[in-house]
Amino acid sequence: MSSSGAAGQSAKPAKAGSSQPSETSVKRKRGMFQKDLQHMMYGFGDDPNPIPESVALVEDIVVEYVTDMVHKAQDIGSKRGKISIEDFLYLIRKDTPKLNRCTELLSMQEELKQARKAFDVDEEKLASLE
């Protein structure tokens, strides 16, 4: 990547009235999600070894999106003093496919939690019988 593009991004001021800090005050480790994004990009039809600049661009987009969502959820949750899952569901309520996928993943998470709990109880019963 060129250094002029990175310098232009870091000089961007924070939005007025927003809880978002300026990008200059936030330091983040680049390349943290590189391997995961390469695999995801390949899964969506990219080359098995995508161009590093493409991966870096996708990473920047993803991190910016997630950061924006967290700040919005923080603004919503600030009335209660904490962020909850419902804050994120509220933010994506108009994006039906995303909302449906999130609710599906949350219900699968709950099912897995119950299955693990049942499995742990069964193991404890077996251990006490021996």
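Residues numbered from 1 in each chain as written. Predicted model: local features only at pLDDT ≥ 70, side-chain atom pairs only at ≥ 80, totals over all residues. Heavy atoms only, no water.

An unreviewed UniProt entry lists the chain under the name Transcription initiation factor TFIID subunit 13, with Linum trigynum as the source organism. In the Subcellular location (unreviewed entry) part of its UniProt record, the chain is described as follows: "Nucleus". UniProt lists a comment for the chain under the heading Sequence similarities (unreviewed entry), and it reads "Belongs to the TAF13 family." (UniProt positions renumbered as here; feature names shortened; annotations may be inferred.)

Colleague: Could you give an account of a nonpolar patch on the surface, with specific residues and numbers?
Modeller: Where nonpolar side chains cluster on the molecular surface, the patch consists of Val62, Tyr65, Val66, Val70 and Ile83 and spans about 370 Å² of accessible area. Residue position: isoleucine 83 is located in the loop between helix 3 (52-77) and helix 4 (85-91). Overall, isoleucine 83 belongs to the partly exposed group, its relative accessible area being 38%. (Patch = residues over 30% accessible without salt bridge, like charges linked within 9 Å, V, L, I, M, F, W, Y side chains within 5 Å. Areas by Shrake-Rupley, 256 points an atom, 1.4 Å probe, with all protein chains shown as cover. Salt bridge = Lys/Arg side-chain N within 4 Å of Asp/Glu carboxyl O. Helix = DSSP H or I, 4+ residues; strand = E, 2+ residues; numbered from the N terminus. Buried < 20%, exposed > 50% of the residue type's maximum accessible area, 1.4 Å probe, protein only.)

Colleague: Describe the packing of helix 2 (residues 34-43) against helix 3, and please don't skip the residues or the numbers.
Modeller: Their axes nearest at 10 Å, the elements helix 2 and helix 3 cross at an angle of 105°. Of the possible angle classes, the one that applies to helix 2 and helix 3 is roughly perpendicular. Across the interface between the two elements, Gln34, Leu37, Gln38 and Met41 of helix 2 pack against Ser54, Val55, Val58, Glu59 and Val62 of helix 3. The class makeup of the residues in the contact of helix 2 with helix 3 is five nonpolar, three polar and one charged. (Axes fitted to C-alpha atoms, helices over the stretch in contact; angles between N-to-C directions. Parallel < 35°, antiparallel > 145°, perpendicular 65-115°, else oblique. Contact = heavy atoms within 4.5 Å. Nonpolar A, V, L, I, M, F, W, Y, C, P; charged D, E, K, R; others polar.)

Colleague: Describe the confidence of the model for the chain, with residues and values.
Modeller: Here the chain averages 82 in pLDDT, and 77% of its residues register 70 or above. Taken as a whole, residues 1-25 scores under 50 in pLDDT and shows 19 contacts with residues more than four places along the chain or in a different chain. (pLDDT = per-residue confidence, 0-100.)

Colleague: Could you give an account of helix 3, naming the residues involved and the relevant values?
Modeller: Spanning 26 residues, helix 3 covers 37 Å between terminal C-alpha atoms, matching the ideal 38 Å at 1.5 Å per step. Taken residue by residue, helix 3 has Val55, Glu59, Asp60, Val63, Met69, His71, Ala73 and Gly77 as its buried positions. Against helix 2 and helix 4 lie the buried residues of helix 3. (Expected span 1.5 Å × (residues − 1).)

Colleague: Give me the lowdown on helix 2, citing residues and values where you can.
Modeller: Looking at helix 2, one finds that the buried residues are Leu37, Gln38 and Met41. One side of helix 2 carries all its buried residues, which in axial view fall inside an arc of 105°. In helix 2, the exposed positions angled more than 90 degrees off the buried face are occupied by Lys35, His39 and Gly43. On the buried face of helix 2, the contacting elements are helix 3. (Arc of directions from axis to C-beta.)

Colleague: Run through the side chain of serine 84, naming residues and quoting values.
Modeller: Relative to the helices and strands, serine 84 is located in the loop between helix 3 and helix 4. By relative accessible area, serine 84 is classed as buried at 18%. Reaching out from serine 84, the side chain makes a polar contact with the side chain of arginine 80 at a distance of 3.2 Å. (Polar contact = N/O pair within 3.5 Å; in protein donor to acceptor, adjacent residues only side chain to side chain.)

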